[in-house]
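Take a look at the letters that make up each chain.
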Amino acid sequence: MQRFAYRFTLSLGIVALAVACSSGAEQQVLRKYFDASKLRDQGTLANVATVSFDREQEGSVESFSVVSVSDERRTPLKLREYAKEYQEAKSADDEFLKKIRAYQEENKEAIVRVTKAEKAKAKLGGNDVAVQAAWSKWRADLAEHSKTLSEKRKLLVSERSLAQISTYDARRPINVEEYDGELVAKDVTIDARVRKADQVSNRQMVVTMEKAELKGAGGDRSGRWIITGIK
């Protein structure tokens, strides 16, 4: 029985030590975040978080302690792939715009007649019928090109956004689109003392942190932890 109690006490001590050792970086990020939120320091918040903890809505965190830190989750970053796809879509769109403008210039009078007839729901005759069919196809293709370009842009922006914030260094700026790597995420559970107006309460929160670890011709770059979720 004594041996079991000793092992149980020892295991608790090891767990406590592990949490204490792993929470140093988290403590710094969280303290900076909650202090900046309290002061509404938007400059600091932009460097450490993508989510807000509004003083009026949520209150101010006066103190907190880290309860646990989850295992890290890793997701591949496709920065170079998405950047290439976006550039290809943009080049295709630029080329298409040249063609549609050329057709519009060559047939501008007929296109004006077609457009007016469509608005008035009037019938067309002669060559204007062919122009209407062609111009409808041009417009449909334009919409498809615009949709594809928008989707590729959204993919790239979404992939690039956190990587840029996490790895930003004014002394060593990089173009993250030239890198691949991984997005690392973990959840930090904390017990917090929160003041809202004249009320003080204890809340347990789960804070999600993420960072980018990039690899490229310019060398490896390990980013800093960014707070991306809190509940």
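Quick rundown of unusual backbone geometry? Include the residues and the values.
A positive phi angle is found at Lys121, which is not glycine, with a value near 55°. Judged by its relative accessible area of 77%, Lys121 is exposed.

Give me the lowdown on the pairing of strand S3 (residues 179-196), citing residues and values where you can.
Walk down a regular strand and you will see the side chains alternate between the two sheet faces. Strand direction decides the pairing type here: strand S1 (residues 60-69) and S3, joined by 8 bridges, are antiparallel. Across the sheet, Val61 pairs through a bridge with Val194, a residue of S3. Looking at chain direction, strand S2 (residues 73-77) and S3 are connected through 5 bridges and run antiparallel. Across the sheet, Arg74 pairs through a bridge with Val184, a residue of S3. Two elements, S3 and strand S4 (residues 199-216), share 18 bridges in a ladder whose sense is antiparallel. Within S4, the residue paired with Asp187 across the bridge is Thr208.

Lay out the nonpolar core with the relevant residues and their values.
Of all hydrophobic cores here, the largest spans 22 residues; its most connected members are Leu30, Tyr33, Phe34, Val61, Ile190, Met205 and Ile227. Every element with two or more residues in this core is listed here: helix H1 (2-39), helix H2 (42-48), S1, S3 and S4. Those residues in contact with Ile190, other than ones at most four positions away along the chain, are Leu30, Phe34, Phe64, Ser65, Val66, Val67, Arg203, Gln204, Met205 and Val207. Within the second largest apolar cluster, 10 residues are counted, among which are Ala163, Tyr179, Ala212 and Ile226.

Before we move on, could you go through the pattern of salt bridges and cite the residues and values that matter?
Counted under the stated rule, the structure contains 22 salt bridges. Across the pair Arg31 and Asp35 runs a salt bridge, and its minimum N-O distance is 3.1 Å. Of the two residues, Arg31 and Asp35 are both situated in helix H1; the distance of 4 residues between them amounts to about one turn of the helix. Across the salt bridge formed by Arg160 and Glu177, the nearest N and O atoms sit 2.6 Å from each other. You can see Arg160 sitting in helix H5 (residues 127-167) and its partner Glu177 sitting in the loop between H5 and S3, a full 17 residues away along the chain. Bridged by salt links that share partners, the residues Glu72, Arg74, Glu182, Lys211 and Glu213 form one connected network.

Mind laying out helix H3 (residues 79-106), listing which residues take part and the relevant values?
Between the first and last C-alpha of H3 there are 41 Å, a value that for 28 residues agrees with the 40 Å anticipated at 1.5 Å per step. Every buried residue of H3 is accounted for by Leu79, Tyr82, Ala83, Tyr86, Ala89, Asp93, Phe96, Ile100 and Tyr103. Each element contacted by the buried residues of H3 is listed here: S2, helix H4 (108-120), H5, S3 and S4.

Could you give an account of the confidence of the model for the chain, with specific residues and numbers?
For the chain, per-residue confidence averages 89 on the pLDDT scale, and residues scoring 70 or more make up 90% of the total. Per-residue pLDDT stays below 50 along residues 1-22; that stretch engages in 3 contacts with residues further than four places along the chain or on separate chains.

Calculation notes
Residue positions are given per chain, counted from 1 along the sequence in the order it is written. Under the rules for a predicted model, residues below a pLDDT of 70 receive no local features and side-chain atom pairs below 80 are neither given nor counted, while totals for whole chains, interfaces and linings still include all residues. Values reported for side chains reflect all heavy atoms of the structure, with hydrogen atoms and water molecules removed beforehand. The buried label applies to any residue whose accessible area, calculated with a 1.4 Å probe on protein chains only, is under 20% of its type's maximum; exposed applies above 50%, and partly exposed to all values in between. Strands qualify as paired when DSSP identifies two bridges or more between them. Secondary structure elements follow DSSP: runs of H or I no shorter than four residues count as helices, runs of E no shorter than two count as strands, and numbering proceeds from the N terminus. Here, nonpolar core refers to any group of buried Ala, Val, Leu, Ile, Met, Phe, Trp, Tyr and Cys residues whose side-chain atoms link them within 4.5 Å. Working rule for contacts: check all heavy atoms of both residues, and any pair within 4.5 Å makes them a contact. A carboxyl oxygen of Asp or Glu within 4 Å of a side-chain nitrogen of Lys or Arg is what we treat as a salt bridge. By definition here, a helix of n residues has an expected span of 1.5 Å times n minus one. Note: pLDDT gives the predictor's confidence per residue, expressed from 0 to 100.

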